[in-house]
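# Understanding the architecture of this molecule
Residue strings, one per chain:
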Amino acid sequence: MNYAVILAGGTGSRVGGDVPKQLLVLGGSTVLEHSVGAFASHPMIHEVLIVCHPSTFSEVEAIIARRQAAGEWHSVCRIVEGGSTRAESSLAGIRAVQELSKADDSPCILFHDAARPLVTADIITRVCRTLLIHRVVNVGIPVTDTVVEYDGMRQTAVLDRSRLLRVQTPQGFHLHTIAEAYRLALADPAFAATDDCGIVMRYLPHMPVHVVEGDEVNAKLTYASDIPMFEYMLNRRH
């Protein structure tokens, strides 16, 4: 079974205002609704969990109740309290899926940032299909700009952009693989949070991370100035 974990624990401080970015309205629905809806309606996703901050529990519960009353989101099964970091929220999702999948011999978990509301069904399909063969799947798109290293004052190197990708979500894993990577990470006093594929690369270096193609539309909403761009992309999709 494939479990989608929507990471919506951020406070949205970079967006500005009192409303977390996942609860901002985009095209008549919240950013969270767009993200969750993409997975809840996908035939290869069996259960959806939402990891959120305790301060937004009531709003998220109301959204789920409204959607389910309308005959939607039947696969949304649980709200999970997130941690203070991305890694802590991912770990909370892992533990929740472990509880739900005790009778499942080969559960897979997909982590998706709620702030990527325009994720496409094609991307989700590519991740799920690749998980049938591989244990770790990332999503990326090519870097088109020249990328340089610098020491804070001057340029020190030009990187080969043909070997670089911009990473997106969802990132997919066999549950036992990502759980083992986190077990090793938590035992490391020097553990520093990174993305979930990065944790696998560091603590299970023998485990290959396979990459599938993303999409420019699957961008991350970060700043208030991003909202008009997302409205434009949403309108183009319809």
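Refer to the preceding data block for the structure.
Let us look at the overall build of the chain. From N to C terminus, the chain includes seven helices and eleven strands. Expected size for 238 residues packed as a compact globule is a radius of gyration near 18 Å; at 18 Å, the chain falls within 12% of this value. Burial statistics for the chain: of 238 residues in total, 49% are counted as buried. The contacts in the chain between residues at least 6 apart in sequence include a share of 73% that link residues at least 24 apart.

A separate point is the nonpolar core. In this structure, Leu-32, Val-36, Phe-39, Ile-45, Val-48, Ile-50 and Val-76 are the most contacted members of the largest nonpolar core, which totals 30 residues. When residues of this core are traced back to their parent elements, those giving at least two are strand S1 (2-8), helix H1 (31-40), strand S4 (47-52), helix H2 (57-69), strand S6 (108-113), helix H4 (121-131) and strand S7 (136-142). In this structure, Leu-32 is in contact with Ile-6, Ala-8, Gln-22, Leu-23, Ile-50, Val-60, Ile-63 and Ala-114, ignoring residues within four places of it in sequence.

So, on to the pairing of S4. Burial within S4 is extensive, with five of its six residues counted as buried. Where S4 and strand S5 (residues 76-81) come together, five bridges link them in parallel fashion. What sits directly across from Leu-49, in S5, is Arg-78. Chirality of the crossover, the property in question, places the unit of S4, H2 and S5 among those that are right-handed.

Turning our attention to the pattern of salt bridges. Using the criterion set out here, one finds eleven salt bridges in the structure. Note that Arg-66 and Glu-33 form a salt bridge whose closest N and O atoms lie 3.0 Å from each other. Of this pair, Arg-66 sits in helix H2 while Glu-33 sits in helix H1; the two residues are 33 residues apart in sequence, bridging distant segments of the chain. Here the salt bridges do not stand alone but share partners, grouping Glu-33, Arg-66, Arg-67 and Glu-72 into one network.

The next subject is the side chain of His-34. Inspection of the secondary structure puts His-34 in helix H1. Ignoring anything within four residues of it in the chain, the contact list for His-34 reads Leu-26, Ser-29, Pro-117 and Leu-234.

The next point concerns the sheet that holds strand S10 (residues 165-174). Here seven strands make up an open sheet; going across it, the order is S5-S4-S1-S6-S10-S7-S11 and the pairing mixed. Unpaired on one side and paired on the other, S5 and strand S11 (210-213) mark the two borders of the sheet. For this sheet, the mean inter-axis angle between neighbouring strands, taken without regard to orientation, is 25 degrees. In terms of strand pairing, S7 meets S11 through four bridges, oriented parallel. For Gly-140, the partnering residue across the bridge sits in S11 and is Glu-213.

As a further point, take the state of the cysteines. Across all of its chains, the model carries zero disulfides by this definition. No disulfide involves Cys-108; its sulfur sits 8.1 Å from the nearest other cysteine sulfur, which is in Cys-128. Take Cys-108: its relative accessible area is 6%, and that puts it in the buried class.

If you trace the backbone, Lys-21 turns up in the loop between S1 and strand S2 (25-26). Asp-226 is the oppositely charged side chain nearest to the buried, salt-bridge-free Lys-21, at an N-O distance of 7.5 Å. Among the polar contacts made by the side chain of Lys-21, one reaches the main-chain carbonyl oxygen of Leu-221 at a distance of 3.3 Å.

We now examine helix H7 (residues 227-237). Of all the positions in H7, only Phe-230, Met-233 and Leu-234 are classed as buried. Viewed along the axis of H7, the buried residues span an arc of 100 degrees, placing them on a single side of the element. Exposed and oriented more than 90 degrees from the buried face of H7 are Pro-228, Tyr-232, Asn-235 and Arg-236. On its buried face, H7 is in contact with S2 and H1.

Rules of the game
Residues numbered from 1 in each chain as written. Predicted model: local features only at pLDDT ≥ 70, side-chain atom pairs only at ≥ 80, totals over all residues. Heavy atoms only, no water. Helix = DSSP H or I, 4+ residues; strand = E, 2+ residues; numbered from the N terminus. Rg over C-alpha atoms; globule rule 2.2 N^0.38 Å. Buried < 20%, exposed > 50% of the residue type's maximum accessible area, 1.4 Å probe, protein only. Contact = heavy atoms within 4.5 Å. Core = buried A, V, L, I, M, F, W, Y, C linked by side-chain atoms within 4.5 Å. Pairing = 2+ DSSP bridges. Right-handed = clockwise from strand over helix to strand, strands pointing away. Salt bridge = Lys/Arg side-chain N within 4 Å of Asp/Glu carboxyl O. Axes fitted to C-alpha atoms, helices over the stretch in contact; angles between N-to-C directions. Disulfide = S-S within 2.5 Å. Lys, Arg positive; Asp, Glu negative; His and termini not counted. Polar contact = N/O pair within 3.5 Å; in protein donor to acceptor, adjacent residues only side chain to side chain. Arc of directions from axis to C-beta.

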